[in-house]
Structures are given as structure tokens and as C-alpha cells.
Amino acid sequence: MNLRELVSALNDFASPSLAESWDNVGLLVEPSPPHTVNTLFLTNDLTEEVMEEAVQKKADLVLSYHPPIFTPLKRVTWKTWKERLVVRALENRIGIYSPHTAYDAVPHGVNNWLTKGLGTCTSVPLHPSTAPSSPAEGTHRVEFCADAEQLDAVLSKIKDIPEISCLTSLPARVEGEEQTRVSLNCSPKALLEVVALLSQNSLLYQKTEILLLQKPLLPRTGMGRLCTLSEPVSLSDIIERVKGHLRLPHVRVAVGAGRTLESPVKNAAVCAGSGSSVLKGTEADLYLTGEMSHHDVLDAVANGISVILCEHSNTERGFLSELRDALTLHLQNKINIIVSEKDRDPLQVA
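All values reported here derive from a predicted model rather than from experimental measurement.

**Student:** Tell me about the pattern of salt bridges, residues and numbers included.
**Tutor:** It is possible for side chains of opposite charge to pair when their charged atoms get near one another. What the rule picks out here adds up to 17 salt bridges. Between E49 and R344 there is a salt bridge, with its nearest N and O atoms 3.3 Å apart. Highlighted residues: E49 in helix α2 (residues 48–56) and R344 in the segment after β15 (336–339), separated in sequence by 295 residues. According to the relative accessible area criterion, E49 is partly exposed, its value standing at 37%. A relative accessible area of 47% places R344 in the partly exposed class. The salt bridge involving K243 is made with E240; its shortest N-O contact spans 3.4 Å. With K243 and E240 both in helix α9 (residues 235–246) and three residues apart, the pair spans about one turn of that helix. By relative accessible area, which is 48% here, E240 ends up partly exposed.

If you want it as C-alpha cells, here you go:
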């Protein structure tokens, strides 16, 4: 499969536009074209050990959930391990693609997989995603009606205002008079200038409507999940379910104030990876994530919310097997997809 064709298919599976603005997603390393991908190699973290495994298994593209290139590289040498990853990838004609928070957001992504560790439940995103392309430009829409005498002068001045888009004018009949209805999209800064201009004519301003443009929410898509269990389950039972789902011998637990290990859990807020910013302020019986800051754990406990921490990548890595099966169907069995055997969380209980 051609690399560009594959990247397009991967973007269709989970659009990079769903990723957080601070993230670095998509194709990060591209061998010189043409580049054919026969083997796609999945990993949670692309370490040097994992890169060596990818080379040995003759991978043509590595899909690394976490982007190995995050902060900009000023040089590509053999000095640092991330620079060496790029060198090894290019020497062996291996591309690198990272989806990261785009996979967190999609309904068939990492967070939905993590909720399966709780048992039968329904879930909704904690922070829903908005449609990336609607509206394309502007935060506000201004509409007003003007007669022939006013129209040319007003439009001439409006066209001189920066950050205005979608300017249209259509014939309209207002109170039995032939007029023109003008519609435009604008930024907050441009809105102030448009309002100031229109307010110079009281009759014109009285016929002005200002609408706030809001992008529609995408169903079942967004960061984090708030899960409602079909039946309440004790915290101790939830702990065992999570350990079984993530295949972990141990997790870290903080019991909420006024609660015990036998207290029932009905609602759980879930976020793969580092969940502090996503979970904060959510009302729930339980927070389930990979890691949280010490003070955010204290805040949760003080509010009667129990916390289960599983280490960052342990809440993500198990998704790779499910991803392999999903991508096999999505790509219509056109390429070989394998999951890294060397990829693992860097932290262990000693």
C-alpha cells in the first residue's frame, strides 16, 4: 500500500483534527517517495529498543500512539535518543505516524477501550469535540437590511474591515419595501468595528441581528469519559476488574473521604494517560486514569472521590491489540499489522 494512501486511510480512521491543539499528530517522519508499506508496526511508545524491533521485523511504517517527536528538533544527530530514532527510521526507510489524542477522542478509541475495564456501562465524553470545519470562519454572524441609498456606502466601508468573511447580499422585502439583506461572518475584533459602523445609522442598526456561531458537538466524541455502570459495584470489585482488564498485578488506590473499599461505585470518570486536567471538577464516585498530580489526588479524595492510578501508558497499551483488529478491517487486509512485543511501561514495582 502506498504510504500516502495509507496515511489518508489512517486519517479517515481518526481525523487528526480531533487531536488537542497542543499535540503533534499525523505523519512525523516520511521516507523519500515512492514508499510502499507492507508491514505496519504498532507501539504505544517508540523507544530505541522498540525501533530495533521494528527494523528486525522489516516494518515500513511505525504507528506510535505517543509522538516520539513532540518539541521541535534543532538538529538530527546521534547525540540524543529521539534524534537517533529519526536517523534509524530514515536509514531503514521506516515512516513514523502518531495519532495520540485523536485516538483519545474518537468513539472507537483508547478511552472507550479503557471503560471496558469497569464492566457494563454507558459513557459520554467529559469534554465533547466540536465539528472542525463548521463554521469555517468567524465567531459571529451579523445580518441587517438596507435600502438602495444606504447599501453601497455601507458595503464599501464593511469591505475595508479586516477579518470579515462570507459576505453576501440578497434581495428582501421588509414592511412592503424592496431592500437588500446583508449577511457576514466576522471575528470578535471585527464585530466591534461592524457594530460601530452600523450604529451610526439608527434605522440601520435597529434592523441588525447578531448571532453567535457555535460549532456543533460531535456525537460520542471527545476527551475523557463519564461512565454510568448498569449496576453499582464495590470499589474493591472495580479494582479487580481494572487489574484484570489491564493485566496488571498492582494499581495505586486512594479511597475518597467518607468511603471504604466496600463503598458502591455507580459513576466513574475515565481518562487514559495523564488525567488531571481532563477529570478535574467532574462529579463521580471514582476517577480512573494513569497518573495524576499529588495535589489533584488530594483534592479528589477530599471531595469523596476515590482514585485508581495504573501508570500512564498502562491505561493505553492494551488498546493496541484492539486497534490491530480494527485497522485490519479498515484497511481491508491490504497490509500486515503487528504489535510490538518490546513496548512496555518504563515504571515497575520493585
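**Student:** Any chance you could break down the pairing of strand β13 (residues 286–291) for me, citing the residues and the numbers?
**Tutor:** Across a regular strand the side chains alternate sides, sitting on one face of the sheet and then on the other. Summarising burial for β13: five of the six residues are buried, a large majority. Taken together, the four bridges between β13 and strand β14 (residues 306–309) define a ladder with parallel strand orientation. Across the sheet, residue Y287 finds its bridge partner in β14, namely V307. On the question of chirality, the crossover connecting β13 to the parallel β14 by way of helix α11 (residues 294–302) is right-handed.

**Student:** Can you explain unusual backbone geometry? Please cite residues and give values.
**Tutor:** Cis rather than trans, the peptide bond between P33 and P34 has omega equal to -5°. Its location among the elements puts P34 in the loop between β1 (26–29) and β2 (39–43). Within the chain, C166 stands out as a residue other than glycine whose phi angle is a positive 55°. Within the secondary structure, C166 is located in strand β7 (residues 164–174). A relative accessible area of 46% means that C166 is categorised as partly exposed. Here the phi dihedral of E311 falls at roughly 80°; this positive angle occurs in a residue that is not glycine.

**Student:** Talk me through helix α12 (residues 319–330); I want residue IDs and the actual numbers.
**Tutor:** If you check α12, its first and last C-alpha atoms are 16 Å apart, about what 12 residues at 1.5 Å a residue would give, namely 16 Å. Within the span of α12, buried status applies to F319, L320, L323 and L327. Within α12, the buried residues cover an arc of 85° as seen down the axis, which keeps them to one side. Residues of α12 that are buried make contact with α1 (3–13), β2, β3 (61–64), α4 (101–105), α5 (110–115) and β15. In the stretch just after α12, Q332 is the one whose phi turns positive, near 55°.

**Student:** How would you sum up the packing of α2 against helix α3 (residues 81–91)? Please name residues and give values.
**Tutor:** For the pair α2 and α3, interaxial distance at closest approach is 10 Å and the crossing angle is 10°. Judged by the angle between their axes, α2 and α3 are roughly parallel. Note on element contacts: α3 touches α2 through W81, R84, L85, R88 and A89, opposite E48, M51, E52 and V55. Taken together, the residues of the contact of α2 with α3 sort by class into five nonpolar, no polar and four charged.

**Student:** Lay out the sheet that holds strand β6 (residues 140–146) in plain terms, naming residues and giving numbers.
**Tutor:** Taken in spatial order, the four strands of this open sheet run β7-β8-β6-β9, and their pairing is antiparallel. The open sheet has two free edges, formed respectively by β7 and β9 (209–212), since each of these has just one partner strand. Shown here is a sheet whose adjacent strand axes are inclined to one another by a mean of 20°, direction ignored. Where β6 meets strand β8 (residues 177–186), seven bridges bridge the pair, whose relative direction is antiparallel. The partner of F144 across the bridge, within β8, is V182. Along the sheet face, helix α6 (residues 148–158) touches β6, β7 and β8 and points at about 150° away from the line of β6. Running at roughly 20° to β6, helix α7 (residues 188–198) makes contact with β6, β7, β8 and β9 of the sheet.

**Student:** Describe the domain arrangement of the protein chain, and please don't skip the residues or the numbers.
**Tutor:** The domains assigned to the protein chain are domain 1 (3–100 + 316–339), domain 2 (110–129 + 219–309) and domain 3 (140–212). Using C-alpha coordinates to define each centre, domain 2 is positioned 50 Å away from domain 3.

Conventions and cut-offs
- Residues numbered from 1 in each chain as written.
- Predicted model: local features only at pLDDT ≥ 70, side-chain atom pairs only at ≥ 80, totals over all residues.
- Heavy atoms only, no water.
- Salt bridge = Lys/Arg side-chain N within 4 Å of Asp/Glu carboxyl O.
- Helix = DSSP H or I, 4+ residues; strand = E, 2+ residues; numbered from the N terminus.
- Buried < 20%, exposed > 50% of the residue type's maximum accessible area, 1.4 Å probe, protein only.
- Pairing = 2+ DSSP bridges.
- Right-handed = clockwise from strand over helix to strand, strands pointing away.
- Expected span 1.5 Å × (residues − 1).
- Arc of directions from axis to C-beta.
- Contact = heavy atoms within 4.5 Å.
- Axes fitted to C-alpha atoms, helices over the stretch in contact; angles between N-to-C directions.
- Parallel < 35°, antiparallel > 145°, perpendicular 65-115°, else oblique.
- Nonpolar A, V, L, I, M, F, W, Y, C, P; charged D, E, K, R; others polar.
- Domains from an automatic or database assignment.

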